[in-house]
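# Secondary and tertiary structure notes
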Amino acid sequence: MDTIPSTNGSTSHDGLTPPPGEASTSTSASSFDPGVFRSYLLALLPPVIGASPSDLESLFDDEFDARVTRFASEAGGVLYVVKTKEDFEDDAPPLYAYHLTSQLTYHPSNVTTLALIKRGPALDPVTPLATQLHFLNLFAGDETPYESLHALVSHGVKPWFDAFVGSRGGGKEGDTKLGIPMTKKKFAELELSLLHLQQNVEIPETHLIIHNVIQKAVQQAHEGNVRPNISHLPPSLLNDSTFLNTLHSHVNSWIKSIQAVTKLTRDVASGTASQEINFWLSLERALENIEAQLRTEEVNMVMDCLRNAKRFHATVSFIADTGLKDATDLVHKYNQLMKDFPLNELLSATDLDKIQESLGQIFGHINRKLKLSPYPIRRALPLVEAISRDFNDVLLNILTSHRLLYTPYETFERLLSQTSNIFKTWDDHIKEFTSMARELTRKRVEKFIPIKIVPAHAKLQNRTQYLRDWRKQHEQLAVMTGPTKGLGAAGIDIGGMDMEEEVKEAYEIMKRIDVLEVSVEGSEIWTAAETAYNERVSRVENQIIARLRDRLGTARNANEMFRVFSKFNALFVRPKIRGAIQEYQTQLIDSVKEDIKHLHDKFKTQYRYSEAFHMSQMRDLPPIAGAIIWARQIERQLNAYMKRVEDVLGRGWELYAEGQKLQSESSAFRKKLDTRPVFEAWLHDINRRNMGVDGRLFEIVRLRGGGFQLAVNFDPQIITLFKEVRNLLWLNFQVPHAITNMAKDAKRVYPHAVSLMETVRTYGQTLDLVEKNKGIEWLVAEYRNEAQRMISKGMNIRWDYFINQYDTARYISSSDGRDNRHIQFVREFASVVSVLQDKTNNVIDLYKDMLRNVEDLATCPYTAEAFSDLLGKIQAAIDKLNLEGYANLEHWVSDMDKRIEGILLQRLTQIIQVWCSEFGRTDEGDGPAPRREVVVVGGGKRRGGAAVGGVGDKKLSKDEKFMEHHMIVKPIVHEIRIQNQVIFLDPPIEYARANWIKELHDWLGVVCRLRRIQSSRYEIGLQMQGSVLVETTYTSLLTQFPDTTLEKPFALIEQKVQQLTDYVAKWLQFQSLWDLEAEYVFNRLGDSLSHWQQLLTEIKKARSTFDTSDTSKSFGVCVIDYEQVQARVNAKYDAWQRDILSRFGVKLGNAMKEMHAQILKARNELEHHSIEGLMGGGGGRRFS
């Protein structure tokens, strides 16, 4: 075989003149040597197309150089080397001819066509042709070229594209952006189309034979633009038997050729589904072609000739003999199923999602169209089985491409989970198909056949399921023997074996085989590999069993055993390990029985008395739905206990004696947990009631204790109804449509109803607050009237308006006030009541603070600061009320002021009483009484002395409040002084009166000078003109005393002044000691000793006024200090007393002397008289 040259060489040659349009061709292309291309072909063609060099000489004709030059210079050029087979005798060797052309045509004599394709726009004479040309061998032959094209795409172009894309390692998102999945799909569709063409049953083409005379006649008629008829034939031929016999024989041949098509059929059980589909579609096209030929002018003229010759037996039964009409109708009806059959979606699927989607499309098409098409069920069943074969092939190709055992477990599980879902989808569609097929068989009265599909993918399905379970068990074993989980940390190198490494080596055995090969040989290979795998894994299982039994043996109770089981549960699916823990069955079943007993006790306590009932109320679950959820929770717990037993004891546990008893008990308990009767009882109760949403918004309810109350005319059970419906639908119960509509109506008005109920409840609570705080009624009256106005407005609104308005509100703008007025009413009513509530709460807080301050006025310290502070707080609250716009504030403040006046009047009464008590407390004392020294409001000026106090004086502590009883009246000290021999009182008594009255006024002024509370401080500036003069202080309280309270202190003052006046008058009498002349006194007394004696007695008595050790005289609130004048008065008094006593002594001595003289005289006279003379004188002498 000749070697293909690697270079073009540099052989010089005469270049061909380029065509006019190629004057601008590059130098390299125009200088290309056709001889180099000739040498290339001579080296390439013999081994590629099996041609000898001598046979190739026919390629190099006169046009070879021009053709090659044009090929080298034109962009996108291609040359074809065509090998054709020439006619030859049967016993002669075949002869082949070779042609070089740029235009490719197909002929049955073509054997091979070699396409030479440039890689660039022009051939470079320097670069080897092997790097510049693609060559593609296109096989041909007696049959169609579909097989070679299919092999070219499926084994050449498509794998090369997949390999290139796979080598780039791009993600799925990146591939999607580049359009790679779409390209793969197009390749798959191209491959599928070529396969369909290859598998199609060839429908023989029918060409009706037409007599030459008939053809010429029709042609002449067409040339004359007239309709062909038998008049265009020579009249002699119309009765020519030979001509008519020929036509008759042609008609018979037509019948046979048409019958060959109409009676054509195929075995649907053989081949693929696409062959069946394409067969009927192709048959329809062939029948349409026959019908088109039968409608031609030539056929009509032949029939007219035969009818004209009375040969009706050839024309009358022509259509019936061919069976064309029946066949056409049948094929047309069959093709209702075959047309647009979505089989290509399955065959061209490139991933599992597309397969699952295509199955839905295929069976949806079959189930829908088979009801319209009379396609026999006996053919439909093999068709579905053929689809199963295609489904098996496509699925197997996709799964094989993923190399399942080499993928991570997450990917493996995802793929096989998708595969399992696909098989489930197939089974679901098959069930639906078989049901539909049975129904159609019965309706069509077809011969009974068993409706059974034998899926071709059954083995693959079993293998994938088995493989999935096997890989799951292996992964569980690998995880439990891993370095960080399960037995790995404690189990490595147990018994001299690395369990993790042993499991990996066992897995390597399975990776070496094709796990999806389900043929007999593949199954044998799988069994052998699995046996080798199990031998390695068995050693690992023995070590795990030893470790597991050790842990179970040290478990102290059933819970610890369950904990061990839950940790190593993944390993219990292995029979060997499951057999090792069977001895623990009894105690674990007892444990589960105890748990189930607790469930029984929980159920017997009933839902209403359980904790779940209270929790459901907190979570707004209605009673029926809550009871159902509660029962289902118990059922889930029961199932969990049953599952725990199954996890521990393995599948089939209910077959044991203890297991059967436990299963029967759980089944009986599960029947009691059935929630269907609860639901049906609820349905019956709802249907029995009339729970429509209608009537007025508000209703007036009569209270049991008498009276009426406003309420919302909305049954709370309706709220419960739609909550029940919502939860029951969520729990997958089928709620009747009427109840659902009722719930929907309730749900529509629910927000408004709840808003109204909350608003009415708030309104009622607010009125109760107002009722409890009577003092604020006037302040909130305006807001209350507004709320009542809204209630009167809502009395005429009905619920029907809300239900009917709901649907229209979704399509009409909310700016339309007419349709929105009812909802707007709810919002406005809520707003008005909210304002009432806020205003009421605010004013209650302020009112309580004000009341507290008013009450504090009765107990606060009796100081101007304390009273002013409290009244300032009250006034600030009133100003706040004024700013917030409360109504009737002036009247309300007037009442509050009267209340304050009453308290302040009491404080005035108390202060007057205390003042009076304090003023007269030490009225008649010889000395000052002990008293406390307290700051006194308005203390008077005093001279010559300090406050009188005693040793026991007590001062107030720093934190003690100054109250009325702490008040004292400081005593005023008056001095009796003598100056220039004049005795006087300093200060005078009038000063004491004025000071006491001023002090009393100061105490009363603490209250009377307080500023009155006012309601219109913010309006004073606006009411200057014409405003009524309003008293701003509490001075008028002095006129409101009910008795002589205010007169008493003034009377006491006057009384005290009178006492002082009387006492001071005594001292002022001593002024006469200096004013009188002694002679005047002596002359006034005369010689009467009794007068002198009386004067001395009075002088002695008068000395008690000043002749004492005291230096002052206390009158309680006033002290008379006479220390300064006492000594001088005493001395003067002594002098007067001595003078008077001395003069009295002189007077007395003189009187005594005179008396003595008289007595002597009388004695003498008496002595001179004799007793006898007296007695004898008859009466005696009397002495006077």
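See the structure shown above.
Model, not experiment: these values are computed from the prediction.

## Focus on the side chain of K839
- Within the secondary structure, K839 sits in helix α34 (residues 817–859).
- At 4.3 Å, E884 is the nearest oppositely charged side chain to K839, a buried residue that forms no salt bridge.
- Polar contacts involving the side chain of K839 include one to the main-chain carbonyl oxygen of E884, which spans 3.2 Å.
- Beyond its immediate sequence surroundings of up to four residues, K839 is in contact with Y783, E884 and Y886.

## Regarding the packing of helix α37 (residues 989–1008) against helix α38 (residues 1047–1069)
- The geometry of α37 relative to α38 is characterised by a closest axis approach of 10 Å and an angle of 160° between their N-to-C directions. As the angle between them shows, α37 and α38 are arranged roughly antiparallel. The handedness of the crossing between α37 and α38 comes out as right-handed. Residues I989, R993, W996, I997, L1000 and H1001 of α37 touch α38, and the partners they reach there are P1049, F1050, I1053, E1054, K1056, V1057, L1060, T1061 and V1064.
- Among the residues making up the contact of α37 with α38, the classes are represented as 10 nonpolar, two polar and three charged.

## Observations concerning the packing of helix α31 (residues 737–772) against helix α32 (residues 781–794)
- Direction vectors running N to C along α31 and α32 enclose 145°, while the axes themselves pass 12 Å from each other. The interaxial crossing formed by α31 with α32 has left-handed handedness. When α31 is examined against α32, the residues Y763, L767 and V770 are found in contact with a partner set consisting of R784, A787, Q788 and I791.
- Considering only residue class, the contact of α31 with α32 consists of five nonpolar, one polar and one charged.

## Section: the packing of aromatic side chains
- Under the definition given, this model contains 15 aromatic pairs.
- Look at F391 and F423: their rings are 5.9 Å apart centre to centre, the planes differ by 80°, and that puts the pair in the edge-to-face class. Taken together, the residues span a long stretch of sequence, with F391 in helix α17 (residues 377–401) and F423 in helix α18 (residues 409–444) at a distance of 32 residues.
- Here the aromatic rings of W470 and W526 are separated by 6.2 Å at their centres, their planes lie at 70°, and the arrangement is edge-to-face. Residue W470 is found in helix α19 (residues 458–480), and its partner W526 is found in helix α22 (residues 520–554); the two are separated by 56 residues along the sequence.
- Of the residues examined, W470 reaches a relative accessible area of 6% and is grouped as buried.
- A network of ring pairs unites the aromatic residues Y466, W470, Y507, W526 and Y533 as a single cluster.
- Its end group placed over the ring of F412, R471 keeps NZ or CZ at 4.6 Å from the ring centre.
- For K839, the ring lying beneath its charged end belongs to Y886, and the centroid distance is 5.3 Å.

## Regarding the sheet that holds strand β10 (residues 1118–1121)
- Strand order in the open sheet formed by four strands is β8-β7-β10-β9, with mixed pairing between adjacent strands. Edge strands, defined here as strands with exactly one partner in the open sheet, are β8 (982–986) and β9 (1112–1114). Going across the sheet, the axis of each strand differs from the next one's by a mean of 20°, ignoring polarity.
- Where strand β7 (residues 972–979) lies against β10, four bridges are found, and the strand directions are parallel. Within the sheet, the bridge partner assigned to H974 lies in β10 and is I1120.
- Docked against the sheet, helix α42 (residues 1123–1168) engages β7, β8 and β10, running at close to 35° with respect to β7.

## Things to note about the environment of H250
- When you line up the elements, H250 lands in helix α9 (residues 241–262).
- It is 8.1 Å that separates the C-alpha atoms of H250 and L208, two residues lying 42 residues apart in sequence.
- Setting aside residues up to four positions removed in sequence, H250 forms contacts with I209 and H211.

Rules used in this analysis
- Residues numbered from 1 in each chain as written.
- Predicted model: local features only at pLDDT ≥ 70, side-chain atom pairs only at ≥ 80, totals over all residues.
- Heavy atoms only, no water.
- Helix = DSSP H or I, 4+ residues; strand = E, 2+ residues; numbered from the N terminus.
- Buried < 20%, exposed > 50% of the residue type's maximum accessible area, 1.4 Å probe, protein only.
- Lys, Arg positive; Asp, Glu negative; His and termini not counted.
- Salt bridge = Lys/Arg side-chain N within 4 Å of Asp/Glu carboxyl O.
- Polar contact = N/O pair within 3.5 Å; in protein donor to acceptor, adjacent residues only side chain to side chain.
- Contact = heavy atoms within 4.5 Å.
- Axes fitted to C-alpha atoms, helices over the stretch in contact; angles between N-to-C directions.
- Parallel < 35°, antiparallel > 145°, perpendicular 65-115°, else oblique.
- Left-handed = near helix turned anticlockwise from the far one by under 90°.
- Nonpolar A, V, L, I, M, F, W, Y, C, P; charged D, E, K, R; others polar.
- Phe/Tyr/Trp six-rings, centres within 6.5 Å; stacked < 30°, edge-to-face > 60°.
- Lys NZ or Arg CZ within 6 Å of the ring centre and 35° of its normal.
- Pairing = 2+ DSSP bridges.

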